[in-house]
Structure formats: structure tokens, C-alpha cells
Amino acid sequence: MADKSELIIQAALKVFYQRGYGSISVEDIAVEAEVAKGTIYLYFKDKDELFFRSVLYVIEFIEATTKEVAVDSKDPFQTLSKIAYAQLHSILQNKHFCGLFYIISNPGLVRNREKLFNILLEKENSLLSFITRIIEQGKNAGFIESTLDAKEVAYLFQGMLSNTLKRIHFEPPENTIDIDKTVTSLIDVLKNGIHKRG
């Protein structure tokens, strides 16, 4: 079972996603978490710290999920497929995760915004390096064209994945996204391009 601070963070994620940052109070989060307002202050100094720690929670969750599924595989496309599936599935099950990143992008809204951006950039670069290594291994094993720049291919993969994550965030609840089909298409385009086959 999750500890109390994690339960508070999970409640905060839902409230931030549903109502934004500026319009909510620590009390709103306490109601969602089903704890006393004072309990939140035992774990977090204020709403800003709770928001900051909520963003870190999401980043670390996505990073751990990505690295957990990327077990050694000789086929880089299989590994990338697992990464894409894990990230998309995580976000689809936790749509409120995406909402945080749109709150961060709103200038002046969050006190720790610059610090958050720096952490996001550091984590994004770490993930990019991780995916670049998978691409490089694929090049060395003959799965991927040896003349391609591994980092550029990693950027392409992350870009396609990032746009799919945005689509999940903005898609109306009644429109469900078929993750299997989406991941298959993403990997097919990465592997085979978009030229007509025949």
C-alpha cells in the first residue's frame, strides 16, 4: 500500500488535472485525499511544494516504467515497442499526469517553474540518451541503417510518442485510443518509413 504522502500526491494530481493550479487550495486536495488539511502540512510545506513533488512523482513514474520494460532484447524495435506501449498505457490509465505538464507551461503560474523545467530537461535528456543507446545497439546489430544518426532517430521516436501522449490528453473521454494499433503504427513508420510498399 502507498504511504500517506503518495496518497496525497495522487489526490493532488487529480485535483490539479481537473481544476488547474491557481483555483485550488490545499483544503481541496485534503478533501480529495480524505485527510485533514493539517495532515498535508506534515508532508508538504505548501501547495507549491506539493505541486513540485507531484510533477517529480509523474516524471519518476514514467522513467521507471520505461526502464522496467526495456529489458535486453536483440531487436531494438521490440524494445521501442515495449517502451511506447508502457508509456501510452501509463498515461491512458492516469490521464491526469499529462495535465501537469500543461500547467507548468503556463508562465508565472508556479513559483518553482524554472526548477521544474530544469528537472524536466534533465530527465528528458536522460531518457533520450537511454533511447539513443537502444538505437545505437540496433545499428551495431544490423537492425537499423548504420548511416543514421542514433540521436536523431531517438528524437523522432520521442517526438512521435510525445504527440501521441498529447492526443491522449486532449481526446474526449468517449473516444478511446487503441494502444496496440497506435504502437504498431508508430513502430511500423519508424521501421519502414511511409513510402508505398510494393
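The sections below set out a description of the structure shown in this document. Nothing here was measured: the structure is a model prediction, and the numbers come from that model.

Bringing the packing of aromatic side chains into the picture now. The tally for this structure, following the rule as stated, stands at 2 aromatic pairs. When the ring of Phe16 is compared with that of Phe51, the centres are 5.0 Å apart and the planes differ by 90°; the resulting orientation is edge-to-face. Taken together, the residues span a long stretch of sequence, with Phe16 in helix α1 (residues 4-19) and Phe51 in helix α4 (residues 47-69) at a distance of 35 residues. Accessibility classification places Phe16 together with Phe51 in one group, the buried group. For the ring pair Tyr43 and Phe44, a centre distance of 6.5 Å and an interplane angle of 45° mean the geometry is tilted. With a relative accessible area of 34%, Tyr43 lands in the partly exposed category.

Here we take up the side chain of Glu63. Among the structural elements, Glu63 can be located in helix α4. With a relative accessible area of 19%, Glu63 lands in the buried category. Among the polar contacts made by the side chain of Glu63, one reaches the side chain of Lys123 at a distance of 3.2 Å. Leave out the neighbours within four places in its chain, and Glu63 touches Lys123 and Ser126.

Summarising the element assignment, Ser90 is placed in helix α5 (residues 76-93). For Ser90, the side chain forms a polar contact with the main-chain oxygen of Ala86, separated by 2.8 Å. Apart from the residues within four sequence positions on either side, Ser90 is in contact with Phe61 and Thr65.

For the coordinates displayed, the defined rule picks out 5 salt bridges. The shortest N-O distance in the salt bridge between Glu63 and Lys123 comes to 3.2 Å. Of the two residues, Glu63 is situated in helix α4 and Lys123 in helix α7 (residues 113-140); the sequence distance between them amounts to 60 residues. Residues Glu136 and Lys139 are paired through a salt bridge, measuring 3.8 Å at the closest nitrogen-oxygen approach. One end of the pair, Glu136, and the other, Lys139, are both in helix α7, 3 residues apart, so they sit about a helical turn from each other. One connected set of salt bridges, linked through shared partners, spans Glu63, Lys67 and Lys123.

Let us now look at the environment of Phe44. Of note, Phe44 is situated in the loop between α3 (37-43) and α4. The sequence separation of Phe44 and Ser5 amounts to 39 residues, and the corresponding C-alpha distance is 8.4 Å. Residue contacts for Phe44: discarding those within four places in its chain leaves Ser5, Ile8, Ile9, Glu49, Leu50 and Arg53.

Another aspect to go through is unusual backbone geometry. Even without glycine at this site, Glu34 takes up a positive phi of about 60°. Structurally, Glu34 is set in the loop between α2 (26-33) and α3.

Turning next to the packing of α5 against helix α9 (residues 179-192). Where α5 contacts α9, the two axes come as close as 10 Å, and the packing angle between them is 145°. Crossing hand, α5 versus α9: right-handed. Contacts between α5 and α9 involve Phe77, Leu80, Ser81, Ala84, Tyr85, Leu88, His89 and Leu92 on the former and, on the latter, Ile179, Asp180, Thr182, Val183, Ile187, Leu190 and Lys191. Across the contact of α5 with α9, the residue classes tally to 10 nonpolar, 3 polar and 2 charged.

Calculation criteria
Residues numbered from 1 in each chain as written. Predicted model: local features only at pLDDT ≥ 70, side-chain atom pairs only at ≥ 80, totals over all residues. Heavy atoms only, no water. Phe/Tyr/Trp six-rings, centres within 6.5 Å; stacked < 30°, edge-to-face > 60°. Helix = DSSP H or I, 4+ residues; strand = E, 2+ residues; numbered from the N terminus. Buried < 20%, exposed > 50% of the residue type's maximum accessible area, 1.4 Å probe, protein only. Polar contact = N/O pair within 3.5 Å; in protein donor to acceptor, adjacent residues only side chain to side chain. Contact = heavy atoms within 4.5 Å. Salt bridge = Lys/Arg side-chain N within 4 Å of Asp/Glu carboxyl O. Axes fitted to C-alpha atoms, helices over the stretch in contact; angles between N-to-C directions. Left-handed = near helix turned anticlockwise from the far one by under 90°. Nonpolar A, V, L, I, M, F, W, Y, C, P; charged D, E, K, R; others polar.

Worth remembering: the numbers are spatial, not functional.
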